Amino acid sequence: VWPSDGCPEAEQSWEIQSPFSLGRPLSASPQRWLRYSMAKVPMAGRFWLCWCDRSNGASCALWQHIGVLLLAGPVNVTGVPEMLELLEVFNVTLNGVNLTLEEQLYIAESTCDKPSSFALSPRRLNDGAVSANFELQAPAVAGSFVVCWTRVGQIP
C-alpha cells in the first residue's frame, strides 16, 4: 500500500516508505486472485495498491499499480481541551477521509473500549466530508478521560 502519489520505482525498497503493508496473501488462485487480511489499519487516507511479483527473487524489478484503497475515518482531531469544568460543553473538530453523519465521538474513562457517555454524531460536515464538528459535554465527575471515535453501531 502506497501513498496516492504512485507506486515505487523499480528496485526501490517499499518497506521504508510504505505507510503499511498487506503482508503475504492468506490464499491464492494462481493467475486469478490473491486474498489478504489485515486486523487493523493504522490510518485513514487514499492509497495506491502496488504489487510486485517476487517469484524471481527477493528484489522487485517492476511495481504495478493494481487499484486504489480508500480508507474512511479520522486522520486528525483538533480542539480537545486538556482541562474542563464539570459538565462544561466543548467543541471538537474531527478531520478525516470520507466522513459521514455516522461518525461518532464519545467520552471514556481511560480507554476506548468502555464508553462512559452516549456517542454523539457531528453537528455538521464540512468541506466535502473532510471534517466534522462535534459538541461534547464533560462528565459530571472529576477524573481523567479520553475522547474516542467510532461509527454508528460500533461502540464496544
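Let me sum up the structure you'll find in this document.

## Observations concerning the overall build of the chain
Counting its regular elements, the chain contains 1 helix and 11 strands. Scanning the chain from its N terminus toward the C terminus, one meets helices and strands in the order β-α-β-β-β-β-β-β-β-β-β-β. By residue count, 27% of the 156 residues in the chain fall in the buried class. Of all intrachain contacts in the chain linking residues separated by at least 6 positions in sequence, the fraction that spans at least 24 positions is 56%. Carbon and sulfur atoms provide 52% of the accessible area of the chain, an area that totals close to 10,400 Å².

## A few points about the state of the cysteines
One pass over the structure, following the stated rule, counts 1 disulfide. Each disulfide pairs two cysteine sulfurs, and for Cys112 the partner residue is Cys148, the sulfurs being separated by 2.0 Å. Judged by the sign of its S-S torsion, about -85°, the bond between Cys112 and Cys148 is left-handed. Residue Cys112 is found in the loop between strand S8 (103–108) and strand S9 (124–126), and its partner Cys148 is found in strand S11 (residues 146–151); the two are separated by 36 residues along the sequence. Given the relative accessible area of 36%, Cys112 is considered partly exposed. What makes Cys148 buried here is its relative accessible area of 1%.

## Notes on the nonpolar core
Soluble globular proteins tend to pack their nonpolar side chains together in the buried interior. The biggest cluster of nonpolar side chains holds 9 residues, and these are Phe90, Val92, Leu94, Leu99, Leu105, Ile107, Ala132, Phe134 and Leu136. Elements with a minimum of two residues in this core: strand S7 (89–97), S8 and strand S10 (131–137). Trp2, Cys7, Cys50 and Trp63 belong to the second-largest nonpolar core, a separate cluster that totals 5 residues.

## A word on the environment of Trp149
Counting through the fold element by element, Trp149 comes out in strand S11. Looking at Trp149, the relative accessible area reads 33%, which means it is partly exposed. When the C-alpha atoms of Trp149 and Leu94 are compared, they prove to be 9.0 Å apart, with 55 residues separating the residues in sequence. In contact with Trp149, other than residues within four places in its own chain, are Gly73, Pro74, Leu94, Glu103, Gln104 and Leu105.

## Brief notes about the sheet that holds S10
The 4 strands lie next to each other as S6-S7-S10-S9, forming an open sheet whose pairing is antiparallel. The sheet terminates laterally at strand S6 (73–78) and S9, the two strands that pair on one side only. For this sheet, the mean angle separating the axes of adjacent strands, direction not counted, is 35°. Alignment of S6 against S7, held across 5 bridges, turns out to be antiparallel. Of the residues in S7, the one forming a bridge with Pro74 is Gly96.

## A look at the pattern of salt bridges
On inspection of all chains with the given rule, the structure shows 1 salt bridge. A salt bridge links Glu103 to Arg151, with the shortest nitrogen-to-oxygen separation between them at 2.7 Å. Residue Glu103 is located in strand S8, and its partner Arg151 is located in strand S11; the two are separated by 48 residues in the primary sequence. The exposure class assigned to Glu103 is buried, which follows from its relative accessible area of 0%.

Basis of the calculations
- Residues numbered from 1 in each chain as written.
- Predicted model: local features only at pLDDT ≥ 70, side-chain atom pairs only at ≥ 80, totals over all residues.
- Heavy atoms only, no water.
- Helix = DSSP H or I, 4+ residues; strand = E, 2+ residues; numbered from the N terminus.
- Buried < 20%, exposed > 50% of the residue type's maximum accessible area, 1.4 Å probe, protein only.
- Contact = heavy atoms within 4.5 Å.
- Areas by Shrake-Rupley, 256 points an atom, 1.4 Å probe, with all protein chains shown as cover.
- Disulfide = S-S within 2.5 Å.
- Core = buried A, V, L, I, M, F, W, Y, C linked by side-chain atoms within 4.5 Å.
- Pairing = 2+ DSSP bridges.
- Axes fitted to C-alpha atoms, helices over the stretch in contact; angles between N-to-C directions.
- Salt bridge = Lys/Arg side-chain N within 4 Å of Asp/Glu carboxyl O.

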